[in-house]
Amino acid sequence: MPISGNQDLDEPTTARHPRFPALLLGLPALLFALITWQVVADGPLVRLDEGVSRDLVHPDGLSEFLSDLGNVQVAVPVLAVALGHVALRTRRTDRWWLPATAAALLMALVPALIIPLKELTDRPGTPAVPPGTGYYPSGHTATAAIAYGCATLLLLPRLRTPLARRALVTACLVLVLGASYGLVRRGYHWPLDVVASWCLCAVLLSSLWLFLRRTTPPERPR
């Protein structure tokens with residue numbers, strides 16, 4: 001049966017372009033695998049990373065403040081507020097619990113992924129921190145990216161104007177990049193620790209976005 005023009009326009013982008021999800025998930029996953037291999041093998045990328053870190057590390061009050069944006073005590077309450085807001089706004093719609101539950105499970109998945117990776121790679125820290133291992137990938141970066149990223153994905157569909165949506169996305173990027181910069185500047189992490197967490201979280205957040213697009217219905221009263 002022919003598809004009308006309106007039906008074609010309403011068809012999801014991911015359905016018209018089946019390669020898009022593969023690229024969205026595959027590219028950051030491939031980059032994460034490459035960085036992890038270099039860290040485990042102590043490859044040339046690691047030596048470059050250490051050189052960049054020496055140029056960037058300069059502990060100060062600002063870097064300490066920014067790094068705290070990735071603390072569980074800071075990032076997770078922001079996500080919790082977003083979860084509660086979305087749940088209240090959508091409680092009269094079909095499957096209102098699905099977006100908040102998916103985001104909460106994704107946040108809980110972060111330590112389940114990060115801790116084994118830290119033990120597997122056993123990477124030592126920068127000279128700015130006490131001797132020890134288990135710094136790769138950055139757990140604080142992952143916490144910030146998932147908490148603020150999930151909050152953004154949940155709130156975006158509820159904002160009515162493009163300006164509000166752009167402001168929300170910008171705020172999310174500022175928080176994640178600020179935390180990342182603070183962690184590197186303070187010397188809590190090597191730059192590659194942070195970049196690897198970006199890649200891992202890109203896969204997780206993209207998966208959540210695709211899941212919500214396919215499973216969350218429009219907000220119709222029950």
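In what follows, the accompanying structure is described. Predicted, not measured: the structure shown is a model, and the values here were computed from it. Sequence order as written defines the numbering, with residues in each chain counted from 1. Side-chain atom pairs in this predicted model are given and counted only at pLDDT of 80 or more, local residue features only at pLDDT of at least 70, and totals for whole chains, interfaces and linings cover all residues. Think of the side-chain values as coming from all heavy atoms in the structure, minus any hydrogens and water.

**Quick notes on helix α8 (residues 139-155)**
Logical step 1: Helix and strand labels come from DSSP, where a helix needs a run of H or I of at least four residues and a strand needs a run of E of at least two; each type is numbered from the N terminus. Working rule for helices: expected span equals 1.5 Å times residues minus one. Taking 1.5 Å of rise per residue, the 17 residues of α8 would be expected to cover 24 Å, and the 24 Å separating its terminal C-alpha atoms lies within 8% of that figure.
Logical step 2: Categorising residues by exposure relies on relative accessible area from a 1.4 Å probe, with only protein chains included: less than 20% of the type maximum marks a residue as buried, more than 50% marks it as exposed, and the intermediate range marks it as partly exposed. Within α8, 15 of the 17 residues are buried, which leaves it mostly tucked inside the rest of the structure.

**Some points on the packing of aromatic side chains**
Logical step 1: In this analysis, rings of Phe, Tyr and Trp, with Trp reduced to its six-membered ring, are considered paired at centre separations within 6.5 Å, and the interplanar angle assigns stacked below 30 degrees, edge-to-face beyond 60, and tilted for intermediate values. Applying the stated criterion across every chain, the model contains one aromatic pair.
Logical step 2: Taking the centre distance of 6.4 Å and the plane angle of 15 degrees together, the rings of F32 and Y136 count as stacked. In this pair, F32 is assigned in helix α3 (residues 19-41) and Y136 in the loop between α7 (97-121) and α8, connecting sequence segments 104 residues apart. No difference in accessibility class separates F32 from Y136, as the two residues are buried.

**Details of α7**
Logical step 1: Compared with an ideal rise of 1.5 Å per residue, which puts 25 residues at 36 Å, α7 spans 37 Å between its outermost C-alpha atoms and is within 8% of the ideal.
Logical step 2: All of the buried residues in α7 are L98, P99, A100, A102, A103, L106, M107, V110, I114, L117, K118 and T121.
Logical step 3: The first or second residue beyond α7 is D122, which carries a positive phi of 55 degrees.

**Some thoughts on the state of the cysteines**
Formally, a disulfide is one covalent bond, and it connects the sulfur atom of one cysteine to the sulfur atom of another.
Logical step 1: Working definition: a disulfide is two cysteine sulfur atoms within 2.5 Å of each other. Overall, the coordinates contain zero disulfides when judged by the stated rule.
Logical step 2: In this structure C172 is not part of a disulfide, and its nearest cysteine sulfur, from C150, lies 9.4 Å away.
Logical step 3: We note that C199 lacks a disulfide partner, and the nearest cysteine sulfur, in C201, lies 9.4 Å from it.
Logical step 4: Assessed through its relative accessible area of 7%, C199 is described here as buried.

**Remarks on unusual backbone geometry**
Logical step 1: In the segment running from Y136 into P137, the intervening peptide bond is cis, with an omega of -10 degrees.
Logical step 2: Mapped onto the fold, P137 is located in the loop between α7 and α8.
Logical step 3: Not every positive phi belongs to a glycine, and D42 is a case in point at roughly 55 degrees.
Logical step 4: Positionally, D42 belongs in the loop between α3 and α4 (44-56).

**Let's talk about the environment of L117**
Logical step 1: Mapped onto the elements, L117 comes out in helix α7.
Logical step 2: Taking the C-alpha atoms as reference, L117 lies 7.0 Å from P137; in sequence the two are 20 residues apart.
Logical step 3: Every residue in contact with L117, bar those within four places of it in the chain, is listed here: F32, Y136, P137 and L200. For this analysis, residues touch if any pair of their heavy atoms sits within 4.5 Å.

**Things to note about the packing of α7 against α8**
Logical step 1: Interaxial angle, 0 to 180 degrees, is taken between N-to-C directions of lines fitted to C-alpha atoms, where a helix line uses only the stretch in contact. At a closest axis distance of 10 Å, the pairing of α7 and α8 adopts a crossing angle of 165 degrees. As far as their axial angle goes, α8 and α7 are roughly antiparallel. Crossing handedness for the pair α7 and α8: right-handed. Along its contact with α7, which presents P99, A100, A103, L106, M107, V110, I114 and K118, the element α8 presents G139, A142, T143, I146, A147, C150 and L154.
Logical step 2: Residues were grouped as follows: Ala, Val, Leu, Ile, Met, Phe, Trp, Tyr, Cys and Pro as nonpolar; Asp, Glu, Lys and Arg as charged; and all remaining residues, including Gly, as polar. Here the contact of α7 with α8 is composed, by residue class, of 12 nonpolar, two polar and one charged. When an angle is under 35 degrees it counts as roughly parallel; over 145 it counts as roughly antiparallel; between 65 and 115 it counts as roughly perpendicular; any other value is oblique. For any helix crossing, the convention is left-handed if the near helix is rotated counterclockwise from the far helix by under a right angle, and right-handed if that rotation is clockwise.

**Remarks on the nonpolar core**
Logical step 1: Here, the term nonpolar core denotes a set of buried Ala, Val, Leu, Ile, Met, Phe, Trp, Tyr and Cys residues that are joined through side-chain atoms within 4.5 Å. Residues F32, L79, L106, I146, Y148, C150 and L208 are the most contacted members of the largest nonpolar core, which totals 42 residues.
Logical step 2: Among the elements of the structure, α3, α6 (72-90), α7, α8, α9 (162-186) and α10 (191-215) are those that each provide at least two residues to this core.
Logical step 3: By residue number, the principal contributor to this core is α8, which donates 10 residues.

**Re the side chain of S197**
Logical step 1: Position of S197 relative to the elements: it lies in helix α10.
Logical step 2: The class of S197 is buried, set by a relative accessible area of 0%.
Logical step 3: Here S197 is in contact with P137, S138, T141 and A142, once residues within four sequence places are set aside.

**Observations regarding the packing of α6 against α7**
When two helices pack together, their arrangement is given by the angle between the helix axes and the distance between those axes.
Logical step 1: It is the contact of α6 with α7, at a shortest axis distance of 10 Å, that shows an interaxial angle of 165 degrees. On the basis of the axis angle, α6 is roughly antiparallel to α7. Crossing angle aside, the handedness with which α6 passes α7 is left-handed. For the pair α6 and α7, the contacting residues are V76, L79 and L83 in the first and A100, A103, A104 and M107 in the second.
Logical step 2: Looking at side-chain class alone, the contact of α6 with α7 contains seven nonpolar, no polar and no charged residues.

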